[in-house]
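Here is how the chains run, residue by residue.
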Amino acid sequence: PGLIDSDTHAFGVGLERALTYGVTTELDMFTSHQLAAAMRLEQQKEGGGALRKLIIQIPCLNEEVTLPITLADLPRKVLGFDVVEWMVIDDGSTDRTVEVAKENGVDHIVSLPHNQGLAKAFMAGIEASLRLGADVIVNTDADNQYRASGIPDLVQPILDRQALIVIGARPIDT
């Protein structure tokens, strides 16, 4: 629980490391899926292995026009990961967002029954990503205001085990 802003986020899901570094002390925030992901991350850390699965999640509400542009820019390969998958969280769209996602090769679609807001869609995506075995999750918007080419830089501190969470910002013109 906490405020979720609209910036791009990347999460590594290592519970023990989060507790060690004081990121959180609320164990009830972690589900069994998060605990399993944390154990995988720690096992990989101990074995020196690379993180294997990155899921890029995109909460959407009526994004049929911009979603194809956003998806065309997303990477299917990122150094340090064996698998990169895309997920759309449909927050009750009334347009063709889900159909457009399917037509453009989205791997996973989570559909909320009605609009519940960005925070609920974000959390639904995190939970689904963890159930699917994500080691790292990147959250981005469907409006293509972020440079998808920056995703490798965004996740690098997690891959280097220097961070559990990285928050980027959309380009700001001054």
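Rules of the game
Residues numbered from 1 in each chain as written. Predicted model: local features only at pLDDT ≥ 70, side-chain atom pairs only at ≥ 80, totals over all residues. Heavy atoms only, no water. Helix = DSSP H or I, 4+ residues; strand = E, 2+ residues; numbered from the N terminus. Buried < 20%, exposed > 50% of the residue type's maximum accessible area, 1.4 Å probe, protein only. Contact = heavy atoms within 4.5 Å. Core = buried A, V, L, I, M, F, W, Y, C linked by side-chain atoms within 4.5 Å. Pairing = 2+ DSSP bridges. Right-handed = clockwise from strand over helix to strand, strands pointing away. Expected span 1.5 Å × (residues − 1).

*Asks:* Could you clarify how one ought to interpret the overall build of the chain in this entry?
*Replies:* For the chain, the count of helices and strands is 6 helices and 6 strands. Its helices and strands taken in sequence order, the chain reads β-α-α-β-α-β-α-β-α-β-α-β from the N to the C terminus. Among the 174 residues that make up the chain, the fraction classed as buried is 48%. In the chain, the proportion of contacts linking residues at least 24 apart, taken out of those at least 6 apart, comes to 73%.

*Asks:* Whenever I open this one, the nonpolar core confuses me. Can you help?
*Replies:* Grouped burial of nonpolar side chains is what soluble globular proteins tend to show. Core analysis: the largest hydrophobic core is formed by 26 residues, its most contacted members being L54, I56, L67, L74, F81, I151 and V155. Residue assignment for this core shows that the elements contributing at least two residues are β2 (53-60), α3 (67-73), β3 (83-90), α4 (97-103), β5 (136-139) and α6 (151-159). Looking at this core element by element, the count peaks at 5 residues for α6. Apart from the residues within four sequence positions on either side, L67 is in contact with I58, C60, V88, T97, V100, A101 and A142.

*Asks:* Sorry if this is basic, but what is going on with the pairing of β3 here?
*Replies:* Working note: regular strand, side chains alternate between the two faces of the sheet. Of all 8 residues in β3, 7 are buried; the element is thus mostly enclosed. Pairing of β2 with β3 involves 8 bridges; the strand directions are parallel. Paired with C60 across the strands is D90, a residue of β3. This β-α-β element, β2 to α3 to β3, shows right-handed connectivity. The sheet contact formed by β3 and strand β4 (residues 108-111) spans 4 bridges and is parallel.

*Asks:* How should helix α5 (residues 118-131) be read in this particular structure?
*Replies:* In an α-helix, one full turn covers 3.6 residues, which means residues spaced three or four apart are oriented alike. Here α5 contains 14 residues, and its C-alpha end-to-end distance of 20 Å stays within 8% of the 20 Å for a straight helix at 1.5 Å per residue. Of the positions making up α5, those classed as buried are A121, F122, A124, G125, I126, E127, A128, S129 and L130. G133 lies just past α5 and shows a positive phi near 90°.

Function cannot be read off these values alone, since they describe shape.
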